[in-house]
Amino acid sequence: MKQNKLTEIMTYQELYEQSIQSPEKFWSEQANAIKWFKKPTTILSKDQNEYPLWFADGELNACYLALDKHIEDGFGDNVAIIYDSPVTQTVKKYTYNEVKAEVAKLAGGMLSLGLKKGNTAVIYMPMIPQAAFAMLACARIGVIHSVVFGGFAPHELAIRIDDCKPKIIITASSGIEIDRLIAYKPLVDEAIALASHKPKKVIILNRKLGARIPFKKYDVDYDALVYGSEEVPCVPVEATHPLYILYTSGTTGKPKGIVRDTGGYATSIKYSMEHIYGAKPDEVFWAASDVGWVVGHSYIVYGPLLNRNTTIIFEGKPIRTPDASTFWRVIEEHKVNVMFTAPTAIRAIKKEDPNGDFIKKYDLSSLKTQFLAGERCDVATLEWYQAHIPVPAIDHWWQTESGWPMIANMMGVEFLHIKPGSAGKAVTGYNIQIFNEEGEELSANEEGYVVIKLPLPPGTMMDLWNENARFKEGYLEKFPGYYFSGDGGFKDKDGYIFITGRVDDVINVAGHRLSTAEMEEIVSSHHSVAECAVIGINDELKGQVPLALVVNKSGESIEHFQLQHEVVQLVREQIGAVASLRDVVIVPRLPKTRSGKILRKLLRSIADGTDFQIPSTIDDEAIIDEVRTECKNAKIGSFRQ
Ligand code: COA
Ligand code: AMP
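All of these numbers come straight from a predicted model, not from anything done at the bench. (Residues numbered from 1 in each chain as written. Chains lettered and ligands numbered in written order. Predicted model: local features only at pLDDT ≥ 70, side-chain atom pairs only at ≥ 80, totals over all residues. Heavy atoms only, no water.)

Caption draft 1: View of the overall build of the chain. Helix and strand counts for the chain stand at 19 helices and 34 strands. The C-alpha radius of gyration of the chain comes to 24 Å, within 12% of the 26 Å expected for a compact globule of 641 residues. Dimensions of the chain, computed from C-alpha atoms along their principal axes, come out at roughly 75 × 60 × 55 Å. Of the contacts formed within the chain by residues at least 6 apart in sequence, a portion of 70% connects residues at least 24 apart. Across the chain, the mean location of the 70 positive side-chain charges is 4 Å away from that of the 82 negative side-chain charges. (Helix = DSSP H or I, 4+ residues; strand = E, 2+ residues; numbered from the N terminus. Rg over C-alpha atoms; globule rule 2.2 N^0.38 Å. Contact = heavy atoms within 4.5 Å. Lys, Arg positive; Asp, Glu negative; His and termini not counted. Charge placed at Lys NZ, Arg CZ, Asp CG, Glu CD.)

Dropping the structure here:
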């Protein structure tokens, strides 16, 4: 139970009620935990959409809070970042002093290239410390960064370049996928060629791993820029100044640019480190994710550094780098106290090492808590983990939009009983309810839409970049006065919330959020495809994987296997291998309603082999058997065994 500054010791329930009843008081107290250049006097106000704005007149700088503040407090020699890269067999530690020196010079270099507060910069990098340096350098001078996951193909990068119009791109010569060298520079050049907006400069870090680096006139060498630049100080920015834009998949082909503020985010992220993750300053915090995802932003870079933890940048996978012992080796070697990963990573380890033989070889005594998120943690995975590692395994729920957890077991407040299958209870500040289609609150254990009563607490999304109408329509208009999460779920009588999955066309593949609508657009662009449906089907390892059901154009004489191969290749080329589309089934027709809408839920049930009722709106029931036969012939989903 937590000692609250103003009061005595508080239970989770007391703290939660305080946060919902008096949000301004609650969050103004939490805002005192960070150092402001100008303390906010307005705590909670509203923007033009009646949406909450936090700390509007405050001024601060996220890079200052992550680095300079700790150095001023005398902790400059503490280790800020451990770079652990099994793929290059490197372990390197950076103190807060060292990180600040490089970040401040890189920021100086960026200023010399003409960047100014309010400009945007795209960062397209693998899991190396320079990715974090680049983010912090942007924050230092008020440049809004947009990190693009290194596994996305040039087409995806180009979409983001055109949307956020960066003045520069910061990249590296290559990434390494297990044992495969991926040259990034040709991908960046291709993306720039595809995009209508042309960034002025590309800062490129040469990792000297042998990748091809085609030279272009816009190139600037990262090392030379840092070496030749002076350190520059942090620029104070308004609390509402965007710290970053992070694109995530939505229900159309176009990704959504989630805009994050600075003041609310700094406050909530610091709060979450202590109250949710139970991480004390100087402890080692490891989020085994990627800087390209929100987990990387919040819990590889900003959260741990704002909380003065040592964070680990891990360039590897849970398996095959070199084997399923990697996670345990990292925990022992760096004395990790709190860890965060996706359930899919645990499933991958479990598959390779079902009896946990590797685990027994390592000293994991430093570990206090294992957090899991990105997808629902299935009970079998949770039980396997608990059977082999004697620390609480905590499922918790959040989204790119929220930036920090919304449902959890708040380990820094009070450890509550774990209910397998539930992500825990609502986090302080989040008034979470379950609604039916009419916007009425459902009773305990009834499944419906997961919504959150406004105001959302600090740190959640401010808007969608360039798309305020889409922001309002997608999140605020379905249930006025509430944020619509896009997830379904139910709450039990004790207040534990169970997330049952997305209620839209977003799928979760190995913890990666992807849009089936976007895949459909790409598959449909194939010249032999008359129409198609892409759905997410259950997968033992990745949680979900996409399945494309394709209707061939009549008169096209393409062989089925060739069409399947070309469709897979098309998605790999346009989105990236990370989309994990492997299964393409050619069907004679797709089941539709009489008004022509494809019955995707029905298709999912057929492929997953789950029970369903034949929809009364279906135009022709015979199609169900046709699709089932083709899925069976192709041995996909539940027909695989
Ligand atoms: N750059 C280039 N390619 C990438 C990439 C990157 N950064 N990340 C993934 N890919 C590629 C992979 O090489 C693979 O290509 P292939 O089809 O040619 O083999 C494909 O995308 C799919 O990758 P992935 O989803 O990682 O599957 P996998 O089978 O290689 O590994 C897991 C499976 C479960 C081990 C892996 O997905 C994993 O570690 N997941 C955890 C994800 C996570 O932490 N998410 C963050 C949420 S907290
Ligand atoms: P992302 O924005 O990539 O973090 O993906 C967010 C989505 O992942 C959520 O809307 C959920 O559908 C899913 N998700 C994340 N964490 C969990 C969890 N702990 N339980 C169930 N679903 C989750």
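Caption draft 2: Layout of the site of ligand 2. The environment of ligand 2 is formed by 15 residues, the closest being D395, H396, T400, D487 and R513. Within the side chain of T400, a nitrogen or oxygen atom sits 2.5 Å from an oxygen atom of ligand 2. In the shell around ligand 2, the residues fall into four nonpolar, five polar and six charged. (Near = heavy atom within 4 Å. Polar contact = N/O pair within 3.5 Å; in protein donor to acceptor, adjacent residues only side chain to side chain. Nonpolar A, V, L, I, M, F, W, Y, C, P; charged D, E, K, R; others polar.)

Caption draft 3: Quick look at the nonpolar core. Core analysis: the largest hydrophobic core is formed by 118 residues, its most contacted members being M110, L136, Y277, Y299, Y302 and I432. In terms of residue count, helix 5 (residues 129-140) provides more of this core than any other element does, nine residues in total. Contacts of I432, omitting those with residues within four sequence positions, involve Y16, W397, M406, I407, A426, V450, V451, I452, K491 and I497. Grouped together as the second largest cluster of nonpolar side chains are 67 residues, L514, V551, I624 and I636 included. (Core = buried A, V, L, I, M, F, W, Y, C linked by side-chain atoms within 4.5 Å. Buried < 20%, exposed > 50% of the residue type's maximum accessible area, 1.4 Å probe, protein only.)

Caption draft 4: Here's a closer look at the packing of aromatic side chains. Going through the model one piece at a time under the given rule, you end up with 38 aromatic pairs. Measuring from centroid to centroid gives 5.4 Å for F435 and F479, while their planes differ by 85°, and the two rings are edge-to-face. Of this pair, F435 sits in strand 25 (residues 432-435) while F479 sits in the loop between helix 15 (468-476) and strand 28 (482-491), and the two are 44 residues apart along the sequence. The exposure class of F479 is buried, given its relative accessible area of 3%. With a centroid separation of 5.7 Å and an interplanar angle of 50°, the aromatic rings of Y449 and F479 are classed as tilted. A residue pair is termed long-range when its members are at least 10 positions apart, and Y449 in strand 26 (residues 448-453) and F479 in the loop between helix 15 and strand 28 qualify at 30 residues. Taken as a pair, Y449 and F479 share a single burial class, namely buried. Here the aromatic cluster, defined as three or more aromatic residues joined through ring pairs, consists of Y277, F285, Y299, F340, F371 and W398. Taking the ring centre of F152 as reference, the NZ or CZ of R160 above it sits at 4.6 Å. Positioned above the aromatic ring of F75 is the side chain of R308, whose terminal nitrogen or guanidinium carbon lies 3.4 Å from the ring centre. (Phe/Tyr/Trp six-rings, centres within 6.5 Å; stacked < 30°, edge-to-face > 60°. Lys NZ or Arg CZ within 6 Å of the ring centre and 35° of its normal.)

Caption draft 5: How the structure looks around the site of ligand 1. As a matter of local geometry, ligand 1 sits amid 23 residues, with E177, R180, K317, R572 and R582 nearest to it. Interatomic distance of 2.9 Å between a side-chain N/O atom of R180 and an oxygen atom of ligand 1. In the model, an oxygen atom of ligand 1 is placed 2.7 Å from a nitrogen or oxygen of the K317 side chain. A total of 940 Å² of accessible area belongs to ligand 1 in isolation, and the protein chains cover 85% of it. Looking at the shell around ligand 1 residue by residue, the class counts come to ten nonpolar, seven polar and six charged. Per-domain counts for the shell around ligand 1 show at least three residues from each of domain 1 (12-316 + 396-472) and domain 2 (509-639). (Areas by Shrake-Rupley, 256 points an atom, 1.4 Å probe, with all protein chains shown as cover. Domains from an automatic or database assignment.)

Caption draft 6: Structural view of the pattern of salt bridges. Overall, the coordinates contain 35 salt bridges when judged by the stated rule. Close ionic contact of D163 with K254 constitutes a salt bridge, the shortest N to O distance being 3.1 Å. In this pair, D163 sits in helix 6 (residues 154-164) while K254 sits in the loop between strand 16 (244-248) and strand 17 (256-260), placing the two residues 91 residues apart along the sequence. Overall, the relative accessible area of 10% leaves D163 in the buried class. Among the ionic pairs, E467 bridges to R470, the shortest N-O distance being 3.0 Å. Ionic contacts of the salt-bridge type, sharing partners, join the residues D163, K254, E467 and R470 into one network. (Salt bridge = Lys/Arg side-chain N within 4 Å of Asp/Glu carboxyl O.)

Caption draft 7: Representation of the environment of K216 within the structure. Within the secondary structure layout, K216 lies in the loop between strand 13 (201-205) and strand 14 (219-221). Here K216 falls in the partly exposed class, since its relative accessible area comes to 35%. Ignoring any residue separated from it by four or fewer positions in sequence, one finds K216 in contact with K185 and D189.

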